[in-house]
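Okay, here's what each chain looks like letter by letter:
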Amino acid sequence: MRVVLAEDLYLLRDGLTHLLTAHGFEVVAAVSSGPELVRALDELSPDVAIVDVRLPPTFTDEGLQAALEARRKVPALPVLVLSQHVEQLYARELLADGAGAIGYLLKDRVLNSDQFIDAVRRVAAGGTAMDPEVISKLLASNARNEPLAALSPREREVLELMAGGRSNAAIASQLFVSEGAVGKHTANIFAKLQLAPSDDTNRRVLAVLAYLNSTSS
Amino acid sequence: MLRRHALAPVRGLVLSGLSLVGFAQVIVAFVLSFTGVVVHFQLERWLPNLVRRLMGAWFGVHVPQPYRPKPPPPTPEPDGWYREGNQLYRRTWLLKYRRRRDWIHRDMATHRDHMWELATPFTGGLAAGVPALLIAAAVLVPWWAAIPLVVTGFAVGPLALELYVRWSVPFLGTDDVLGPFWAWAKTQGRAAGRLAQACGMALLDIPYALFLVVSIFPGVVGFFPQIMAEYRLVANARRRQLTKWTGVPIAEPYLPPPPPPVPRPDGTYLAGKRLHDRPDELIRNQAICTTYKDKATWRDLLWLVLDPIVVIVLCLVPVLLGTAAFFGYFWSWVWSWIPELLSSARPREGWAYLDLLPGLGWVPRWATPVIGFVVAAAVFAAASALLRLYGRWGGLLLAPTRSAELARRVAQLTETRTDAIDTQAAELRRIERDLHDGAQARWVAMGLNLGAVERLIDQDPQAAKKLLANARNASAEALVELRDLVRGIHPPVLSERGLGDAVRALALDSALDVHVAVDLPGRVTAPVEAAVYFAVNELLTNVGKHARAQRASIDIRHYNERLRVTVSDDGHGGASVSPGGGLDGVRRRLATFDGVLMLNSPPGGPTTVTLEVPCALSSPRTSTSSETA
C-alpha cells in the first residue's frame, strides 16, 4: 500500500517511515512542507496520505488545507490527519464532505503502534478513525441533546467506540462482551437517535458523526 | 360609522376622566416617593395598562406593555448570604426592595408613564373630553344654539379620539413604535429639558461660586485646597453629565496623586530638608501642594464663576423665550374659545392671556399666535444645537489641557504596565509550577522506569515489559498535560487559524448554544489576538458558570481601527465588574492595549459585554462568515 507522509519534525517523520515500512506499507514520499505535500499528492496519487496539520512555511494549518484541497480534487482520497491537539472545528471540516476515508488523530496515538496501523488501514479502506478526544468533545457539546441523554451508560460507551470507527467485533473485544450484545446495543442506539440502522461499519460511523455534527449546530 | 360617532363622546369622557385620575395619582406618587416607598410605582401601572387595553379594544391600536421583566428572586450564596455587587445581605427584604426599586426606576417606561400622566389632562385628555364638553354645554344655551353644539360634538368625536391616540402612543408604547418625527421630537424635547436643567443647576452654582472665591483668602471660610479637592466630586459629576448630554467625552483633567512617600532606612520620611516621623502629615502637605499646582483646580473655579453667565445666554433665554411664546401667545389662543363660549369675557388685545406677559399690540390680531408658535418651534428645533454648544463650552474649561492629558496618560501607562508585568510574571510562575509538578516529574519517573527496565530486561523480561508499559503511559499522560499547558499559554488553533476560528473552536467546545459571527478582513496582531481570545474565553466561562443561560452569541468585527467583540447571553443578568473579579481581570488585561470593557447587565438579563481594543489588521486574508455551534 502506497503512503505519502507529511511531517516536519525529522525524528517523527523518520520514526513513522520505519513503523509503516515495518508493517508492509510502501512510503512513496516523506515530505516536510506544505508545497511539497501538494506536489506529492498530485503526482504520486497514493493509497493513503498521513498529514500533520501544522507544516512549514507558515506553520499554520497548511497540512489540513492541503489535505482538504486534495480531497476536493480526488473525492474520498484517504487522508489521516495528525495533530498535537484536536479541535472539533477541524473534525467538522474534515467530515463535511461525508465521503469517509478520513482519520483525525492526536500524534500521541502513534505511541500505540498496533492501534495506529489499524487506523491507517481502516482509513485506506474507506473507513474513519476519529480520535477518542474528538468524540468525547462532540458528545460533550451535545450534552443537552435529549436523545443522547436517553442512552444508557453502556450504549454511550458503544457509541463512542463506534464513532471512533470501530467495527462490532472490535468494540466487543474492547468491552469484553459478545458481538451479539454489541449488535443489540448498536440497534438500540440507532433507534434512540432515529437513524437508519446499517451493518456497514463505515456508513454507520458516518451516520453517527453526521448526527453529532448536525445536532450541535 | 354612526356607532363610532355615537360612542366617541362617551369614550372621550372616560379617557378624559382617566387622565385626571392619572394626574392625581402621579402627584400622590411623587409625594409618597419622598418617603422612600416604591411599591406604588408598580401599582400605579394599572392606569396606563387600562388605557393600553382600551386603545386596543376601542381603536384597534395594539400597544404592548413596554415594561422590563420583573427581577428574579434573590438566590443565596453557598454560605447562606445574599450577594448583590459587592454588598452582602443576611436577609432578603432589603435586597428585594432595592431590586424592585432599580427595576422600576431604571425602566424608561416608568418615566414615560409619569410624563404622560402629567401632561395628558392638558393635551390629549383635554382633546378627548371636548366632544362631551360640547354636548354638555348644549344644556346651558338656548335650543337653536344647542343643536349645532350637539351635532359638532358628535361630529368631531372620532377626530378628538384620534388626537388622543396619537398623543398617547409615543408615551405608552415601546421605544421602537416611534416614527421619525416623534423620534426627532423626543430628542429635541429631551435637549430642551436638559437646557432647563442646566438653568436650575447654574442657579445652585452661584452661591457655591461665591463661597469658593471667598475661600481663596485664608482664614475667611474653610481651607481652600480641601474645599477645591472636594469640589472635584461635583465637577466630575458635571463632566459625566455633559458627556451624557452631548456624547462628547470630557475626561477628568486632574494631575494624578503623588506616589506614596518612601521611608528612609531609619524610618523617617524626607520632604525637602525636613524629616517627618509619620507619613500622614507629609501626604497631606503633598495633596495641598498638588491641588494648588494643578491648573485644573483654577480652571474648575473659573468655570464655576463663568458658567451662570453662559447659561443665561445659551439656556435660560431660549427656554424662557420658548415657554413664553408657546404657552403665553399660542397655547392660550388655541383654548381661548372655551372661556369666550361660556362667558362674555373678551381677551386682552394681542392674545397674551397670561397677565405676566405683555400683549403684542403692535401686530395684527392673527399674527400673535403665529409668532408665538413660530418662535416656540424655532427654539424647540434649536434645542439640540444649543445643548451641543453648551457642551462645547463645558469642554473648554472642564476638559484636560494637553499637558494634563499627557500627565494622566503617563500615570495610566505606568499602571497598566505594572499590571502587564505582574500578569506576565504570574503567568510564568504558573507555567513553571505546572511543568515542575507535571511533565518534569513524569519524565523523571519515566527515566527511573527505563533505568529499571535496563536492569531487568535480561533477568525478568516479563517485569521489564510491565515497566515499559508504565513508562509509555507516563509519557502519554505527560503529553496530555503538556497539551493543556500549551493551550493555556497560546492555543494552537489561534496560531493556525486566527481569532475568528479560534473563538469558533471555543464556541464548539462550550456546553452552551453559542452563535459566532466574525467580520475580520485580515489577521489581528498577535498580542491583541491572544488577549482578546483569553478575554472571550473568560467571558464564555462566566456565562456558563453564573448566568444560567441557554444561548450566547459572540460578534467580532473590526472598524475604525478598533476591534470590537460583543458577547451576549440570555441569562438572568445582574453581573457587575467588582474589583478582583473575573470581569475586572479582563478589563485590566485589555487596558494594557488601551482596550475597554463595557458591561450592560440589568437584573433579569440579558447581559451584553462589549470589548473594544484599538488595533490594526495585518495580512489581507479574508474571513467573513457566521455560524452556530
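About the thresholds
- Residues numbered from 1 in each chain as written.
- Chains lettered and ligands numbered in written order.
- Predicted model: local features only at pLDDT ≥ 70, side-chain atom pairs only at ≥ 80, totals over all residues.
- pLDDT = per-residue confidence, 0-100.
- Contact = placed C-beta atoms within 7 Å.
- Pairing = 2+ DSSP bridges.
- Helix = DSSP H or I, 4+ residues; strand = E, 2+ residues; numbered from the N terminus.
- Axes fitted to C-alpha atoms, helices over the stretch in contact; angles between N-to-C directions.
- Buried ≥ 20, exposed ≤ 12 C-beta atoms within 10 Å, placed from the backbone.
- Nonpolar A, V, L, I, M, F, W, Y, C, P; charged D, E, K, R; others polar.
- Right-handed = clockwise from strand over helix to strand, strands pointing away.
- Parallel < 35°, antiparallel > 145°, perpendicular 65-115°, else oblique.
- Left-handed = near helix turned anticlockwise from the far one by under 90°.
- Core = buried A, V, L, I, M, F, W, Y, C linked by C-beta atoms within 7 Å.

**Observations concerning the confidence of the model for chain B**
Residue and element names in this part refer to chain B.
Part 1 of the reasoning: Chain-level pLDDT for chain B is 84 on average; 94% of the residues reach the 70-or-more range.
Part 2 of the reasoning: The low-confidence segment residues 621-629 (pLDDT under 50) makes 21 contacts with residues lying over four places distant or belonging to another chain.
Part 3 of the reasoning: For this predicted complex, the interface score ipTM comes out at 0.83, alongside a pTM of 0.63.

**Topic: the sheet that holds strand E1 (residues 2-6) of chain A**
Residue and element names in this part refer to chain A.
Part 1 of the reasoning: Read from one edge of the open sheet, six strands run E2-E1-E3-E4-E5-E6, paired in parallel fashion. Taken across any chain shown, the strands that pair with only one partner, and hence form the sheet edges, are strand E2 (26-31) and strand E6 (128-130). Ignoring which end each strand starts from, the neighbouring axes of this sheet average 20° apart.
Part 2 of the reasoning: Looking at chain direction, strand E3 (residues 48-52) and strand E4 (residues 79-83) are connected through four bridges and run parallel. Within E4, the position partnered with Asp-52 by the bridge is Leu-82.
Part 3 of the reasoning: Packing of helix H4 (residues 88-95) onto the sheet brings it into contact with E4, strand E5 (102-106) and E6, and relative to E5 it is tilted by some 165°.

**A closer look at helix H18 (residues 499-509) of chain B**
Part 1 of the reasoning: Of all 11 residues in H18 of chain B, 10 are buried; the element is thus mostly enclosed.
Part 2 of the reasoning: Taken together, the buried positions of H18 of chain B are Leu-499, Gly-500, Asp-501, Ala-502, Val-503, Arg-504, Ala-505, Leu-506, Ala-507 and Leu-508 of chain B.

**Digging into the interface of chain B and chain A**
Part 1 of the reasoning: With 19 residues of chain B at the contact, the number on the chain A side is 17 residues.
Part 2 of the reasoning: Elements that contribute at least two residues to the side of chain B that touches chain A include exactly helix H16 (461-489), helix H17 (492-497) and H18 of chain B.
Part 3 of the reasoning: Among the elements that line the side of chain B that touches chain A, the one with the most residues is H16 of chain B, at six residues.
Part 4 of the reasoning: Taken together, the residues of the side of chain B that touches chain A sort by class into eight nonpolar, three polar and eight charged.

**Digging into the pairing of strand E5 (residues 513-520) of chain B**
Residues and elements named next belong to chain B.
Part 1 of the reasoning: Note that E5 and strand E6 (residues 551-559) share seven bridges and pair parallel. Pairing of His-515 across the sheet is with Ser-553, part of E6.
Part 2 of the reasoning: The parallel pair E5 and E6 is bridged by helix H19 (residues 526-546), and the resulting crossover is left-handed.

**A look at the packing of helix H8 (residues 180-215) of chain B against helix H13 (residues 367-398) of chain B**
Residue and element names in this part refer to chain B.
Part 1 of the reasoning: For the pair H8 and H13, the least separation of the axes is 8 Å and the interaxial angle reads 50°. Between H8 and H13, the interaxial angle falls into the category oblique. With respect to the hand of their crossing, H8 and H13 are arranged in left-handed fashion. Note on element contacts: H13 touches H8 through Phe-380, Ala-381, Ala-383, Ser-384, Leu-386, Leu-387 and Tyr-390, opposite Thr-187, Gln-188, Ala-191, Ala-192, Arg-194, Leu-195 and Ala-198.
Part 2 of the reasoning: Grouping the amino acids of the contact of H8 with H13 by side-chain chemistry returns 10 nonpolar, three polar and one charged.

**Some remarks on the nonpolar core**
Part 1 of the reasoning: Membership of the largest hydrophobic core comes to 100 residues, with the highest contact counts inside it found for Leu-80 of chain A together with Val-532 and Val-536 of chain B.
Part 2 of the reasoning: The biggest single contributor to this core is H19 of chain B, with nine residues.
Part 3 of the reasoning: Residue contacts for Leu-80 of chain A: discarding those within four places in its chain leaves Val-48, Ile-50, Gly-103, Leu-105, Ala-119, Val-120, Val-123 and Ala-129 of chain A.
Part 4 of the reasoning: Of all hydrophobic cores here, the second largest spans 21 residues; its members include Val-51, Ala-127, Ala-128 and Ala-132 of chain B.

**Points about the pairing of E4 of chain A**
Where a strand is regular, its side chains alternate between the two sheet faces.
Residue and element names in this part refer to chain A.
Part 1 of the reasoning: Counted residue by residue, E4 has five buried out of five residues, so it is predominantly covered.
Part 2 of the reasoning: Side chains Val-79, Val-81 and Ser-83 project from E4 onto one buried face, and the interleaved Leu-80 and Leu-82 project onto a second face that is buried too.
Part 3 of the reasoning: Taking the sense of rotation as the criterion, the β-α-β connection linking E3, helix H3 (residues 62-73) and E4 turns out right-handed.
Part 4 of the reasoning: Relative to E5, E4 is paired through five bridges, and the arrangement is parallel. For Val-81, the partnering residue across the bridge sits in E5 and is Tyr-104.

**Describing the environment of Asp-14 of chain A**
Residue and element names in this part refer to chain A.
Part 1 of the reasoning: Turning to its location among the elements, Asp-14 is positioned in helix H1 (residues 10-22).
Part 2 of the reasoning: With 12 C-beta atoms packed within 10 Å, Asp-14 lands in the exposed category.
Part 3 of the reasoning: Considered as a pair, Asp-14 and Ala-30 are 16 residues apart in the sequence and their alpha carbons are 8.4 Å apart.

**A few points about the packing of helix H1 (residues 2-33) of chain B against helix H7 (residues 143-172) of chain B**
All names here are of chain B.
Part 1 of the reasoning: Where H1 contacts H7, the axes come no closer than 7 Å and their chain directions differ by 50°. The angle between H1 and H7 places the two elements in the oblique class. Like other packed secondary-structure pairs, H1 and H7 cross with a definite hand, here left-handed. Here H1 contributes Arg-4, His-5, Ala-6, Ala-8, Pro-9, Arg-11, Gly-12 and Leu-15 to the contact with H7, which in turn contributes Gly-153, Phe-154, Ala-155, Gly-157, Pro-158, Ala-160, Leu-161 and Tyr-164.
Part 2 of the reasoning: A breakdown of the residues in the contact of H1 with H7 according to their chemical character gives 10 nonpolar, four polar and two charged.

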